[in-house]
Amino acid sequence: LGTISAMTQPGGTTATGAGITAISTLMLGSINYAADLRSIINLATDGQPNDGTASPQQTAINAATAARNGGIDALTAEFVGGGSGGEALRDIVFS
């Protein structure tokens, strides 16, 4: 929780890929992680990835793929709030 709270949050951006990478790294590195137990990430976001990288959607897709390849069993997502961005989640979820 301290690591998440300490993350900088620049105004107006949604660093989806960085969030997926951070939580999957913490989960897979945890003493509580066991490959024989299901590990699930649930992402709640209010917008499409727009973190200042050249391709924020691809960054999020790459992070989701790395999480899956690393041992995360599922990544689900919820789009909350108004505006656009919910359609971007289709490319990053898996189960």
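What counts and how
Residues numbered from 1 in each chain as written. Predicted model: local features only at pLDDT ≥ 70, side-chain atom pairs only at ≥ 80, totals over all residues. Heavy atoms only, no water. Helix = DSSP H or I, 4+ residues; strand = E, 2+ residues; numbered from the N terminus. Expected span 1.5 Å × (residues − 1). Contact = heavy atoms within 4.5 Å. Buried < 20%, exposed > 50% of the residue type's maximum accessible area, 1.4 Å probe, protein only. Arc of directions from axis to C-beta. Pairing = 2+ DSSP bridges. Right-handed = clockwise from strand over helix to strand, strands pointing away. Polar contact = N/O pair within 3.5 Å; in protein donor to acceptor, adjacent residues only side chain to side chain.

J.: Please give an account of helix H3 (residues 56–70) that cites residues and values.
T.: Its 15 residues place the ends of H3 21 Å apart at the C-alpha level, agreeing with the 21 Å of an ideal helix rising 1.5 Å per residue. Where H3 is buried, its residues contact helix H2 (16–29) and strand E2 (74–79). Just past H3, the residue glycine 71 takes up positive phi, approximately 130°.

J.: An account of H2 is requested, with residue identities and associated values reported.
T.: The terminal C-alpha atoms of H2, which comprises 14 residues, lie 20 Å apart, in line with the 20 Å expected from a rise of 1.5 Å per residue. Regarding H2, the residues found buried are Thr16, Gly17, Ile20 and Ser24. Taken end-on, H2 shows its buried residues confined to a sector of 95°, consistent with a single buried face. Among the exposed residues of H2, those pointing more than 90 degrees away from its buried face are Thr25 and Gly29. Of the surrounding secondary structure, the elements contacted by the buried residues of H2 are strand E1 (40–45), H3 and E2.

J.: Explain the pairing of E1 to me, using residue names and the numbers behind them.
T.: Residues of E1 alternate between two faces, with Ile41, Leu43 and Thr45 buried on one and Ile40, Asn42 and Ala44 left unburied on the opposite face. Looking at chain direction, E1 and E2 are connected through six bridges and run parallel. Paired with alanine 44 across the bridge in E2 is glutamate 78. Following the chain from E1 across H3 to the adjacent parallel E2, one finds a crossover that is right-handed.

J.: Hey, could you go over the side chain of serine 24 for me, with residue numbers and the actual values?
T.: For serine 24, the position within the fold is in helix H2. The class for serine 24 is buried, based on a relative accessible area of 6%. In terms of polar contacts, serine 24 uses its side chain to reach the backbone carbonyl oxygen of isoleucine 20, at 2.9 Å. When residues no more than four places from it in sequence are discounted, the contact partners of serine 24 are Ile41, Ala67 and Ile72.

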